[in-house]
Amino acid sequence: MAKHGRKRQRVAKDESKGPNPLLDDASKDDEERRLESLLFGTPYIPSGSNNVIEIEDDEVDAGKEFQNLDDADLFFVDDKEVDEEDSGEEKDEGDGDSDSDESEEEEKDETVPPNPLSRPRKAAAWSDPSDPPSVSIESNQLRKLRDAPSETVLSGREYESRLRRQFERINPAPSWARKRRRDEDEDEDDVDNLLSSTTGILSQKRRPTLASGTIAIERLRDANQASQKSNIGDVKSIVFHPSDRVPVLAVGTGDRRVRLYNIDGHTSPLLQTLHIPSLPLTSISFHPSGSHLLLAGTRPTYSIFDLQTGQVTNQTGLWGSRFSSASKDKPENMHLTAFSPGGGLLAVAGRNGNLHLVDWQSGGGQVVGTMKCPGSAGGGIKSLWWADDGTLATLTADAEVFLWDIGQRKCSRRWKDEGGFRGTGRTMSGCANWLAIGSNTGLVNVYESDSFAKNREGQPKTKKTLGNITTAISSMTFNHDAQLMAIASKEKKDSMKLIHFPSLTAFGNWPTSSTPVGHVTTIDFSPRSDYLAIGNTRGRVLLYHLKDYSVRTL
């Protein structure tokens with residue numbers, strides 16, 4: 001049988017004996033209370049004190065009140081200035097060495113929670129909203145933000161800058177970000193130099209230098225996509241507005257219409273359509289001032305479109321000199337025209353090698369002079385080009401080049417294209433330093449500036465002969481800074497090349513066999529060469545973006 005433990009008997013309390021003197025704190029004197037506090041570790045309470053000590057659970061886990069807090073909660077924003085008197089009192093309280101001071105601090109700590117987050121704040125009498133707030137960095141997590149051990153409070157801006165400095169120290173910026181920052185600093189320096197100088201803005205533009213071999217180019221939507229659904233015929237002529245601030249492209253097509261498009265690189269909306277039923281268009285050209293658009297064809301009549309008023313003026317023809325006295329069987333026409341650099345004169349290539357000069361400023365179409373190319377009666381004039389100094393150059397079908405002195409109305413120089421013979425001359429294009437002549441064999445001879453100089457005589461020497469195209473050259477033009485030249489042939493599909501100057505080599509990456517240029521009829525660059533427009537026999541105007549000229553820097 002299992003043994004049971006001895007049961008203790010309950011002893012009833014004898015209330016008649018009174019309270020136990022060992023448990024009665026009221027009967028203890030101060031000396032006994034102090035001895036009991038030293039032996040048993042109980043708090044010392046003087047006799048006659050009514051203080052009641054409540055031991056909270058937080059005191060058991062002393063030092064762990066910040067354990068579950070986030071790093072962002074370990075500091076607080078102090079909206080008021082640091083009170084020096086309060087800080088001094090706290091220091092004085094922390095320096096006490098007597099037992100009585102320690103007991104008083106314990107009493108204060110027991111009555112006031114030590115958590116600084118719940119500490120009451122004094123209401124500020126006035127605060128300026130423009131002043132940044134101050135941040136306390138007394139916590140251990142923010143010690144790395146201090147520049148000196150005595151720092152305890154930072155302003156809002158200084159705190160932000162030090163946080164950014166600490167972040168960049170831990171996570172350094174990549175190389176591409178440092179390069180971008182250096183470029184931005186250089187741009188700011190350029191702007192400061194521009195504002196501090198008295199030179200013009202145009203003189204501060206940096207000219208991009210193209211490298212040979214490859215070119216950065218991308219295809220955009222067709223410039224005339226807004227009117228491709230209609231049967232417009234082949235593209236006869238395209239020309240950009242001479243000002244880079246007016247992104248307008250004029251397109252003349254086989255349906256005897258001229259359409260103006262706003263070239264924006266995206267949709268290129270149609271601005272206006274001009275219909276001239278009585279004029280079969282062959283060429284359109286802007287006046288150098290950009291105020292008028294000349295519409296000409298294979299007839300003696302022409303039309304002028306005023307861009308400011310939007311009106312079209314039809315002219316019955318030129319009058320004066322030999323132009324008006326031409327025979328009725330073979331009347332003169334205006335299929336080939338060219339404005340002088342200043343816009344005061346208009347050169348018109350007539351029949352039998354005649355060259356007419358029209359006073360454009362008078363507005364009446366008056367011929368003020370006529371010159372004839374000797375020995376070119378059979379082939380006639382094939383191309384016109386004005387030099388910057390006012391010299392007029394003409395190319396005949398016999399591959400002869402005539403340089404004209406407009407002031408004296410006579411030929412100042414005459415020479416023949418190298419390798420040319422009767423019927424080989426097709427087109428000519430020039431710029432400040434170069435002159436190119438295309439033939440019916442596909443060869444393009446490139447000459448330097450001495451070929452059209454007034455003070456030179458004799459046959460100029462060919463710089464290079466380009467044989468990239470094997471059929472007759474029909475279109476050829478330079479860009480604005482003479483680093484690019486586009487050549488094309490209408491007779492063969494996708495027969496087009498882009499030539500780099502001064503290396504005189506064709507770019508290998510464009511156009512390729514898959515570039516859908518078609519049978520090219522006309523080519524033109526925009527005023528700053530950021531766009532290249534190509535017209536073909538299918539009635540499409542292909543638009544390409546030259547990336548090297550896209551960004552204009554000061």
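## What to know about the packing of aromatic side chains
Overall, the coordinates contain seven aromatic pairs when judged by the stated rule. On the numbers, 5.0 Å between centres and 90° between planes, the contact of Phe-339 with Trp-360 is edge-to-face. Of the two residues, Phe-339 is situated in strand β13 (residues 337-339) and Trp-360 in the loop between β15 (354-359) and β16 (366-372); the sequence distance between them amounts to 21 residues. Looking at Phe-339, the relative accessible area reads 12%, which means it is buried. Taking the relative accessible area as the measure of exposure, Trp-360 reaches 13% and is therefore buried.

## Digging into the confidence of the model for the protein chain
For the protein chain, per-residue confidence averages 80 on the pLDDT scale, and 72% of positions sit at 70 or higher. This model gives residues 52-62 a pLDDT under 50, and the stretch forms five contacts once residues within four places in sequence are excluded.

## Describing helix α5 (residues 156-170)
Compared with an ideal rise of 1.5 Å per residue, which puts 15 residues at 21 Å, α5 spans 21 Å between its outermost C-alpha atoms and is within 8% of the ideal. Residues of α5 that are buried: Gly-156, Tyr-159, Arg-162 and Gln-166. For α5, the angular spread of buried residues about the axis comes to 130°, placing them on one side. Contact partners of the buried residues in α5: β2 (134-136) and β3 (153-155).

## Details of the pairing of strand β7 (residues 257-262)
Of the strand pairs in this sheet, strand β6 (residues 248-253) and β7 are connected by five bridges, and their pairing is antiparallel. Within β7, the residue paired with Val-248 across the bridge is Asn-262. The hairpin turn running from β6 into β7, its antiparallel successor, is three residues long, and Arg-256 in that turn takes a positive phi close to 60°. Note that β7 and strand β8 (residues 270-275) share five bridges and pair antiparallel. What sits directly across from Arg-257, in β8, is His-275.

Conventions adopted
- Residues numbered from 1 in each chain as written.
- Predicted model: local features only at pLDDT ≥ 70, side-chain atom pairs only at ≥ 80, totals over all residues.
- Heavy atoms only, no water.
- Phe/Tyr/Trp six-rings, centres within 6.5 Å; stacked < 30°, edge-to-face > 60°.
- Helix = DSSP H or I, 4+ residues; strand = E, 2+ residues; numbered from the N terminus.
- Buried < 20%, exposed > 50% of the residue type's maximum accessible area, 1.4 Å probe, protein only.
- pLDDT = per-residue confidence, 0-100.
- Contact = heavy atoms within 4.5 Å.
- Expected span 1.5 Å × (residues − 1).
- Arc of directions from axis to C-beta.
- Pairing = 2+ DSSP bridges.

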